[in-house]
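# Observations on chain architecture
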Amino acid sequence: MSLVVLNAGSSSLKFAVFTANGQNRQLTGHIDGVGEAMQLTVKRNGVEEHRPVPAAADHGGAMAAALDILADEIDDQVRGVGHRIVHGGTRFTDPVILTPEVEADLDALSPLAPLHQPHNLAGVQAARRAFPDATQIGCFDTAFHRTHPWVNDTFALPLEYFDKGVRRYGFHGLSYQWLTRRLDDVSDGGRPQKVILAHLGAGASMCAVKDGRSIGSTMGFSALDGLPMATRCGQIDPGVLLHLMETEGMDAAALTELLYKESGLKGLSGLSGDMRVLEASDTQEAAQALDYFVFRCRREIGALTGVLEGLDALVFAGGVGENAQSLRKRICSGFEYLGLAIDEDANRAVRDDAARISAADSSVDVWMIPTDEEAVIADAMVELLS
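Note that the structure is a prediction, hence the values are computed from the model and not measured.

Now for the nonpolar core. Counting residues in each nonpolar core, the largest one holds 56 residues, and the members touching the most others are Leu106, Leu200 and Met206. At nine residues, helix H11 (residues 284-308) tops the list of elements feeding residues into this core. Those residues within four positions of Leu106 in sequence are excluded, and the remaining contacts are Ile85, His87, Gly88, Phe92, Leu98, Gln117, Leu121 and Phe140. Counting 29 residues, the second-largest nonpolar core is a separate cluster that includes Cys139, Leu183, Val209 and Val376.

Below, the structure is given as structure tokens:
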């Protein structure tokens, strides 16, 4: 029997097939550039193959293409399908079997993650049609952050709003769960106590982890807060939103479109939200967008170091964190006062496995660790189904 994992992001779709015990990955797939020019890669038995995507270049087309491949490649019965669900609110803190009632509750959270939640739930419906005998299981990005102390979860609003769910949730939790586990494995001296995990991709955030538990995150009530992202603004003064409503006549729909889809690196550069495009560009606007991204990353590292009361390790992950060595170097520069220094040769040599990129005399261990949300979901499925 097989286990299938579907992981829909804001601009990508990852999928994987595992054996029933979750230990062996039989197939991995990745569709990049959702909403633009999609590229599909499938890897099986160590062989990577690039395939055309005949479907429409949106999340529905990406899901259809992935399910077509899975239907062709899987010979065994599919026992379960695991889904990354971005928002679980305060109720869903552990993986759950997805029933119509649970899905209705999760759909009510869609306004808090409009680039993800609707696509996550549409994937559940599509997988249910494709694999009608399989159990559908949801794993939540917000769950890892439910260990936050109250001061890191609240806003300075009347307490009644906190009780109504207006609080900081944090996201990318499945990635941070994997990175915490993997860092324990690769660190020579055992688990580092004070760690900043940086998941940098089309969506980007950082997480402060102390003794293996999340105590702070740059993302808050929604997936807009903190770092600038491909098309999302990151941290913004709420007074700006009031100003846009009053002077530009913008309503909630117009603000949603602006903040989620037209801002971030795309808005700053006027070119693209893709870091690869910006690094290859020679325009001043592209350079300024990169400068702003680096500045915000450095600012958040400083803030989270304060939350942790020190720093033992910094980990880069995500599509940007794993591949953009020049940005890793720029983000790490200037932290000599923490004793942090990277080895430039090690940083350039990083490929596709966990690697320490800090200098030998660095007081802070700096790592690049590829994230693996699919493995976390597969493990959760095995535990739940057993």
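There's plenty left to go through after this.
Here the focus is unusual backbone geometry. Positive phi, normally seen in glycine, also occurs at His172, with a value near 60°. Relative to the helices and strands, His172 resides in the loop between helix H5 (159-163) and helix H6 (173-186). Backbone geometry places Glu309, a non-glycine residue, at a positive phi of 60°. With a relative accessible area of 61%, Glu309 lands in the exposed category.

A few words now on the packing of helix H2 (residues 100-107) against helix H3 (residues 117-130). For the pair H2 and H3, interaxial distance at closest approach is 10 Å and the crossing angle is 160°. Comparing their axes, H3 and H2 come out roughly antiparallel. For H2 against H3, the interelement crossing comes out left-handed. Within the contact between the two elements, H2 uses Glu103, Leu106 and Asp107 and H3 uses Gln117, Leu121, Val124, Gln125 and Arg128. Within the contact of H2 with H3, the residues separate by chemical class into three nonpolar, two polar and three charged.

Here we take up H2. Turning to H2, its buried residues are Val102, Glu103 and Leu106. Viewed end-on, H2 has its buried residues packed into an arc of 100°, placing them on one side of the element. Residues of H2 that are exposed and point over 90 degrees away from its buried face: Pro100 and Glu101.

To continue, consider the sheet that holds strand E9 (residues 194-200). Ordered in space as E11-E10-E9-E12-E14-E13, the six strands form an open sheet in which the pairing is mixed. The strands lining the two open edges of the sheet, one partner per strand, are strand E11 (213-217) and strand E13 (355-356). Relative to strand E12 (residues 313-317), E9 runs parallel, the two being bridged by five bridges. Residue pairing across strands places His199 opposite Ala317, the latter belonging to E12. Running over the sheet, H6 touches E9, strand E10 (204-210), E12 and strand E14 (365-368) and is turned about 130° from E9.

The rules we used
Residues numbered from 1 in each chain as written. Predicted model: local features only at pLDDT ≥ 70, side-chain atom pairs only at ≥ 80, totals over all residues. Heavy atoms only, no water. Core = buried A, V, L, I, M, F, W, Y, C linked by side-chain atoms within 4.5 Å. Buried < 20%, exposed > 50% of the residue type's maximum accessible area, 1.4 Å probe, protein only. Helix = DSSP H or I, 4+ residues; strand = E, 2+ residues; numbered from the N terminus. Contact = heavy atoms within 4.5 Å. Axes fitted to C-alpha atoms, helices over the stretch in contact; angles between N-to-C directions. Parallel < 35°, antiparallel > 145°, perpendicular 65-115°, else oblique. Left-handed = near helix turned anticlockwise from the far one by under 90°. Nonpolar A, V, L, I, M, F, W, Y, C, P; charged D, E, K, R; others polar. Arc of directions from axis to C-beta. Pairing = 2+ DSSP bridges.

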